[in-house]
Amino acid sequence: MSDEKTADEKTADEKTADQTTEATDTPAPAPAGDGSGLYLVDGSGFIFRAFHALPMLNRPDGTPVNAVLGFSNMLLKLLADLKASAVAVVFDSKRLNFRNDFYPDYKAHRPEPPEELKPQFALIREATEAFCLPCLELEGYEADDLIATYARLAVEAGREVTIVSSDKDMMQLVRPGVRMLDPLKNKPIGPDEVFEKFGVAPDKVVDVQALAGDSVDNVPGVPGIGVKTAAQLITEYGDLESLLARAGEIKQPARRQKLIDYAEQARISRRLVLLDDHAPPPKPLEELRVREPDHQKLIDFLKAQGFRTIVGRVEAEMRKDGTIADGAGASPAPAPTTATPTPAPAGEARSRPAPPTDVEKRYELVQDLGALAAWVERARATGILAVDTETDSLTPATATLVGISLATEPGLACYIPLAHKAAGAAAAGELSFDTAEAPPQIPVADVMAALKDVLEDPSVLKIGHNFKFDHQLFARHGVRVAPVDDSMLISYVLEGGAHGHGMDELAELHLAYRPISYAEVCGTGKAKITFDRVPLDKALAYAAEDADITLRLWRVLKPRLVDDRMVTVYETLERPLVPVIADMESCGIRVDRAALARLSQDLAIRLAEIETEVHKLANRSFNIGSPKQLGEILFDELKLGTGKKGKTGAYSTDSSVLEELAEQGHTIAQRVLDWRQLAKLKSTYTDALQAQIVEGTERVHTAFAMAVTNTGRLSSTDPNLQNIPVRTEEGRKIRRAFVAAPGHKLISVDYSQIELRLVAEMANIAALKQAFQDGIDIHAATASQVFGVPLDQMTSEIRRKAKAINFGIIYGISGFGLGRQLGIMPGEANAFIKAYFERFHELKVWMEATKAFARQHGHVVTLFGRRCYIPGIHEKNAARRAFAERQATNAPIQGTAADIMKRAMARVPAALKDAGFDDVRMLLQVHDELLFEVPEAKAEAAAKLVREVMEGAATLGVPLVAEAGIGDNWDEAH
DNA sequence: TAAATCACG
DNA sequence: GACGTACGTGATTTAT
């Protein structure tokens, strides 16, 4: 098991896994090695994508060459992997092609290529020549058409075709004998990936595109229909023509009319996206055969571009082939043993490090103290040390440290095994544990003793990826690592909300590199082994690479903090929390196991009782937990109303539906609601939680994800301790199982109304700010101002409405949503909103300005400068765009509240220490609440101190107020 | 693996 | 004028 599988990264890994059906190191299985395979490289497509994906990079003479380097690397890898296949590179010829004859606007809105890209077009053609590969281009045709044509010809000739491109417009060509390969991600694209993208099989892709259109290519499609709707329609009607012919049958009136009105436009769109596979081939297919490379020509070209490292690779390749003499002996580069760091291969890297594919890997297995000392020397010399730990569990509080990897410069890394056992024995089952010997390893204590000085040395920066995890392991071995940088947090600060921040995802994004996956090393499912069973050679390759990648990511990302003015956000809101949250996780919170067990039993009995009653009311037995069965019982058999069906055609049975039925007097609905509540409490809380209690300490250790949310909040997993019940009495029984250790108390301190205060502050709403300054009941105050009711005549009903509106404002209000919340007509709710905006006119101004900012920049900003990316802000689909706009207005509010809480958390430990409260432990953060465990005698004083720190965490035009509670359990303290 | 549901702020 | 509606999370369950 590895540290990078913590919550933050797990999410990212899973995202990546979702997009990748198979993780292959080599790109897709090569076709038969008879030389009949054909690779068609989309040269025009590649250059644009590589240009934007790869860091900028200049030749010594200043010519930009990042896309050329990417292209050369891609071809080298392709040729190395696929010796027995023919490769041809296809280019667009001119801007205009036959499509413009019948649709002049085709690709009309496409902007001029950037200046840095223009000179690279010619260079890419030169590169193709240098590789001795045929260039295919034809006036009046796009590269796509030529690829379609050659793909057809090749398949007819019985050859296997691989299209090297990620362009979705080419996905229509996928079929038996033809597949695609994403050159940057090195990921195969087959029918499954096409389906994932378009929701239909490849042969229906053009029909979907005809309906959905494409803003980039200016293909009109049918307005109001996106890929998802299009896929659904095509699946239902078979193809575009059948759909258009039967358009009258469509139920949704608007959609029906659109399809009728825009039928012709859809047909034109289909012709635009349909590739012409009968273009006149500029070269006969037979000429596309495997060719002998001219190494000297290639080397000359690469040298001219300043690509020193890949020149080295080509030369190494030639030595292997015996093409040139090899004086020094071409053994794989041994790990360096000198303390002098080899200079980084800086050839093509001027402002940014080169992609790691260009850097030789020199990884060393460290099994004696002498070798380890050399690495400590190296770290002192460079002042930089990337660190990564491997463990046998996801919970750092209980995990065994299995190994440590270090990197001091790109490509130079080592792995120090600490607790490896006989390799593979457990999984293979062939060797017995007793006979197989563990490999030689330095004792953990010796390694820690050797590393402690450098890890705590203020002049050596330690770099990790999700270092919070590693920090805990070192702390458990008596080492407080500092100072620290975290590449995951840097990425989060730079591009939070734009993508995940797991190491694998970032390596692909910034380094165009796919690291060895954890699954490759440890397997999955039943064959999964813990990291201590991984053979040392594989462990070295994986673990050293992790430290190496971490260092490389840091070199790419860290300078961008300055460029993007995010240094302060990173240094005040994120980096200081690494040790703070690490200590919270390590400490954990005490849970009363017996109390949970009693609750479980109690719930089981009551659930059984309700189940019997519900079955009786339904006249038969069924699974209450199955929404499907429940819907059928309620609406088909008992006919309690007509029932609402969702997208999947199933009846909705959520609590709002059941509550409505219960109000109509249907006992069964109320009983099901009761059952649901208790079943939730039992399965999620009383049962699951017991299993997470660490035996002996009786404490539970959650993991706080620092780089997951779009707004800067933390999240909590394994278990989630940020959603422990509180709103119902039944739920609070669970909260009472969270207790203080003997002789201790729990303190809960929470911000009062922080988000609404921030609305007043950020939108600068005079009347609302005044109300907060006066310290009056804010919901009553807004009710008074919006509805014109004097405060002394306020009713709870009017106040309730104002409270709901206040919440709605924070969420990005809509009449529909507010109406549903309050159980009133949307029209009436709209009138409330209108009144609110009239009374607090500054709010409307702020919301519009915030949305405009999001449209202009693609992100919004919190009061403390944190960026929240809003990817959907330019959505064509109105509903999705409206969603993005609500995100845009909510994120600065929620995000600023998160910032303020982080500022408080960063200050609390020092404040406690200064006051002599060394034994007060911060346990949990629940967005606007902090929970502490403290010796009984100090509870009052500590609570006061924490309140002061939290209230002083920001100085605003409205006061920040924090309230504290003390108790023996969490419910009492809250 | 996805969808439905529901716990929290 | 239609669209689909509160914002942010994570865990469990059933169904596919």
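Residues numbered from 1 in each chain as written. Chains lettered and ligands numbered in written order. Predicted model: local features only at pLDDT ≥ 70, side-chain atom pairs only at ≥ 80, totals over all residues. Heavy atoms only, no water.

- Under an unreviewed UniProt entry, the name given to chain A is DNA polymerase I, and the source organism is Azospirillum rugosum.
- UniProt, in its Function (unreviewed entry) section for chain A, records the words "In addition to polymerase activity, this DNA polymerase exhibits 3'-5' and 5'-3' exonuclease activity." (UniProt positions renumbered as here; feature names shortened; annotations may be inferred.)

1. Section: the domain arrangement of chain A
Part 1: Its domain assignment divides chain A into domain 1 (31–287), domain 2 (360–587), domain 3 (593–697), domain 4 (710–765 + 855–974) and domain 5 (777–839).
Part 2: On a C-alpha basis, the centroid separation for the pair domain 1 and domain 5 is 52 Å. (Domains from an automatic or database assignment.)

2. Quick notes on the side chain of Gln172
Part 1: By the element assignment, Gln172 lies in the loop between strand 4 (161–164) and strand 5 (178–182).
Part 2: Judged by relative accessible area, Gln172 falls into the buried class, the value being 12%.
Part 3: Only 3.1 Å separates the side chain of Gln172 from the backbone oxygen of Asp169, close enough to count as a polar contact.
Part 4: A distance of 3.1 Å separates a polar atom in the side chain of Gln172 from the backbone nitrogen of Leu275.
Part 5: Every residue in contact with Gln172, bar those within four places of it in the chain, is listed here: Pro202, Val205, Val206, Gln209, Val273, Leu274 and Leu275. (Helix = DSSP H or I, 4+ residues; strand = E, 2+ residues; numbered from the N terminus. Buried < 20%, exposed > 50% of the residue type's maximum accessible area, 1.4 Å probe, protein only. Polar contact = N/O pair within 3.5 Å; in protein donor to acceptor, adjacent residues only side chain to side chain. Contact = heavy atoms within 4.5 Å.)

3. Some words on the protein's contact with DNA strand C
Part 1: Near DNA strand C, the surroundings consist of 35 residues, among which Ser626, Ser715, Arg820, Arg886 and Gln887 are the closest.
Part 2: Each atom of DNA strand C within 4 Å of the protein was assigned to sugar, phosphate or base; sugar and phosphate come to 67%.
Part 3: In the environment of DNA strand C, a phosphate oxygen lies 2.7 Å from a nitrogen or oxygen atom belonging to the side chain of Ser715.
Part 4: The set of elements that each furnish at least two residues to the surface near DNA strand C consists of helix 26 (627–637), helix 28 (667–692), strand 16 (715–717), helix 33 (796–811), helix 34 (815–822) and helix 37 (878–914).
Part 5: With 7 residues, helix 37 is the single largest residue contributor to the surface near DNA strand C.
Part 6: Of the residues belonging to the surface near DNA strand C, the class tally is 11 nonpolar, 18 polar and 6 charged. (Near = heavy atom within 4 Å. Nonpolar A, V, L, I, M, F, W, Y, C, P; charged D, E, K, R; others polar.)

4. Some details on the pairing of strand 11 (residues 461–464)
Part 1: Every second residue of strand 11 is oriented toward a common face, with Leu461 and Ile463 on one face and Lys462 and Gly464 on the other, all of them buried.
Part 2: Direction of pairing for strand 8 (residues 384–391) relative to strand 11: parallel, over a ladder of 3 bridges. Looking at the pairing, Leu385 lines up with Lys462 of strand 11.
Part 3: Taking the sense of rotation as the criterion, the β-α-β connection linking strand 11, helix 18 (residues 467–476) and strand 12 (residues 484–486) turns out right-handed. (Pairing = 2+ DSSP bridges. Right-handed = clockwise from strand over helix to strand, strands pointing away.)

5. Focus: the sheet that holds strand 23 (residues 962–967)
Part 1: Pairing within the open sheet is antiparallel, and its 4 strands lie in the order 21-22-18-23. Pairing within the sheet leaves two strands with one partner each, and these edge strands are strand 21 (921–925) and strand 23. Pairs of neighbouring strands in the sheet enclose a mean axial angle of 25 degrees, with direction left out of account.
Part 2: With 7 bridges joining them, strand 18 (residues 744–751) and strand 22 (residues 929–935) adopt antiparallel strand pairing. Its bridge partner lying in strand 22, Val749 is registered against Leu930.
Part 3: Relative to the sheet, helix 38 (residues 939–951) contacts strand 18, strand 22 and strand 23, its axis offset from that of strand 18 by approximately 20 degrees. (Axes fitted to C-alpha atoms, helices over the stretch in contact; angles between N-to-C directions.)

6. With respect to the nonpolar core
Part 1: Counting residues in each nonpolar core, the largest one holds 191 residues, and the members touching the most others are Ile404, Ile416, Leu451, Phe531, Tyr751 and Leu843.
Part 2: Sequence-distant contacts of Leu451, defined by excluding residues within four places in its chain, comprise Leu372, Val376, Ile404, Leu406 and Ile416.
Part 3: Counting 50 residues, the second-largest nonpolar core is a separate cluster that includes Phe198, Ala231, Leu240 and Leu259. (Core = buried A, V, L, I, M, F, W, Y, C linked by side-chain atoms within 4.5 Å.)

7. Re the protein's contact with DNA strand B
Part 1: Around DNA strand B lies a shell of 21 residues, among which Thr653, Lys680, Val726, Arg727 and Asp928 are the nearest.
Part 2: Within 4 Å of the protein, the contacting atoms of DNA strand B are 73% sugar and phosphate, with bases supplying the remainder.
Part 3: Measuring from a base nitrogen of DNA strand B, one finds a side-chain N or O atom of Asn723 at 2.9 Å.
Part 4: Element by element, the count of residues in the surface near DNA strand B is highest for helix 28, at 4 residues.

8. What to know about the sheet that holds strand 8
Part 1: An order of 7-10-9-8-11-12 is seen for the 6 strands of this open sheet, with the pairing classed as mixed. At either end of the open sheet lies a strand with only one pairing partner, and these are strand 7 (362–365) and strand 12. Ignoring strand direction, the axes of neighbouring strands in this sheet form an average angle of 25 degrees.

9. Topic: the packing of aromatic side chains
Part 1: Inspection of every chain in the model, using the stated rule, returns 10 aromatic pairs.
Part 2: Site record: aromatic cluster; members linked through ring pairs are Tyr415, Tyr518, Phe531 and Tyr542.
Part 3: Directly above the aromatic system of Phe91 lies the positively charged group of Arg125, at a separation of 4.4 Å from the ring centroid.
Part 4: A cation over a ring is seen here: Lys844 above Phe837, with NZ or CZ 4.7 Å from the ring centre. (Phe/Tyr/Trp six-rings, centres within 6.5 Å; stacked < 30°, edge-to-face > 60°. Lys NZ or Arg CZ within 6 Å of the ring centre and 35° of its normal.)

10. Section: the confidence of the model for chain A
Part 1: For chain A, the average pLDDT comes to 87, and 90% of its residues sit at 70 or higher.
Part 2: Under a pLDDT of 50 for its full length, residues 1–33 has, in the predicted model, 84 contacts with residues more than four places off or in other chains.
Part 3: Per-residue pLDDT stays below 50 along residues 425–433; that stretch engages in 10 contacts with residues further than four places along the chain or on separate chains. (pLDDT = per-residue confidence, 0-100.)

11. A closer look at the layout of surface pockets
Part 1: Looking at the second largest pocket, its volume works out to about 1800 Å³.
Part 2: Along the walls of the second largest pocket sit 41 residues, with Lys197, Val227, Lys228, Glu875 and Arg880 positioned nearest its centre.
Part 3: Of all elements in the fold, only strand 6 (187–189), helix 7 (191–198), helix 8 (205–212), helix 9 (227–237) and helix 37 reach the threshold of two or more residues within the lining of the second largest pocket.
Part 4: Looking at the lining of the second largest pocket, the element that brings in the most residues is helix 9, giving 5 residues.
Part 5: Looking at the lining of the second largest pocket residue by residue, the classes come out as 14 nonpolar, 12 polar and 15 charged.
Part 6: Both of domain 1 (31–287) and domain 4 (710–765 + 855–974) provide at least three residues apiece to the lining of the second largest pocket. (1 Å grid on protein atoms, 1.4 Å probe; cavity = no way out; pocket = protein on both sides within 12 Å on 5 of 7 lines; lining within 4 Å. Points joined across faces, edges and corners; volume = space filled by probe spheres on them.)

12. Examining empty space enclosed by the protein
Part 1: Taken as a whole and assessed by the stated rule, the structure comprises 2 cavities of 30 Å³ or more.
Part 2: Here the largest cavity is characterised by a volume of approximately 80 Å³.
Part 3: Of the residues contributing to the lining of the largest cavity, the split by class is 5 nonpolar, no polar and 6 charged.

13. Observations regarding the pairing of strand 5
Part 1: Most of strand 5 is tucked away: 5 of the 5 residues are buried.
Part 2: Neither face of strand 5 is left uncovered, since the one carrying Val178, Met180 and Asp182 and the one carrying Arg179 and Leu181 both have all their residues buried.
Part 3: Relative to strand 5, strand 4 runs parallel, the two being bridged by 4 bridges. Across the sheet, the residue bridging to Ile163 is Met180, located in strand 5.
Part 4: As paired elements, strand 5 and strand 6 share 3 bridges and run antiparallel to each other. Bridge pairing in strand 6 places Asp182 opposite Lys187.
Part 5: Here strand 5 folds back onto strand 6, and the loop between the two strands holds 4 residues, one of which, Asn186, carries a positive phi near 55 degrees.

14. Digging into the environment of Arg179
Part 1: Mapped onto the secondary structure, Arg179 falls in strand 5.
Part 2: Owing to a relative accessible area of 18%, Arg179 belongs among the buried residues under this scheme.
Part 3: Each C-alpha atom of the pair Arg179 and Glu160 lies 8.6 Å from the other, and the pair is 19 residues apart in sequence.

15. What about the pattern of salt bridges?
Part 1: In the structure shown here, the tally under the stated rule is 54 salt bridges.
Part 2: Across the pair Glu545 and Lys361 runs a salt bridge, and its minimum N-O distance is 3.1 Å. Note that Glu545 is positioned in helix 22 (residues 536–563) and Lys361 in the loop between helix 14 (308–321) and strand 7, a separation of 184 residues in sequence.
Part 3: According to the relative accessible area criterion, Glu545 is buried, its value standing at 1%.
Part 4: Since its relative accessible area comes to 40%, Lys361 is described here as partly exposed.
Part 5: Each of Asp485, Lys558, Glu571 and Arg575 takes part in one network of salt bridges that share partners. (Salt bridge = Lys/Arg side-chain N within 4 Å of Asp/Glu carboxyl O.)

16. Structural notes on the packing of helix 24 (residues 577–587) against helix 37
Part 1: Where helix 24 meets helix 37, the closest approach of the two axes is 9 Å, and the angle between their N-to-C directions is 75 degrees. One finds that helix 24 runs roughly perpendicular with respect to helix 37. Contact residues: Leu577, Val580, Ile581 and Met584 in helix 24; Lys902, Met905, Ala906 and Pro909 in helix 37.
Part 2: When the residues that make up the contact of helix 24 with helix 37 are grouped by side-chain class, the tally is 7 nonpolar, no polar and 1 charged. (Parallel < 35°, antiparallel > 145°, perpendicular 65-115°, else oblique.)

17. Comments concerning the packing of helix 35 (residues 826–839) against helix 36 (residues 841–857)
Part 1: Across the interface, helix 35 lies against helix 36 with an axial gap of 4 Å and an inter-helix angle of 95 degrees. Of the possible angle classes, the one that applies to helix 35 and helix 36 is roughly perpendicular. Here Tyr836, Phe837, Glu838 and Arg839 of helix 35 come into contact with helix 36, specifically with His841, Leu843, Lys844 and Met847.
Part 2: Of the residues belonging to the contact of helix 35 with helix 36, the class tally is 4 nonpolar, 1 polar and 3 charged.

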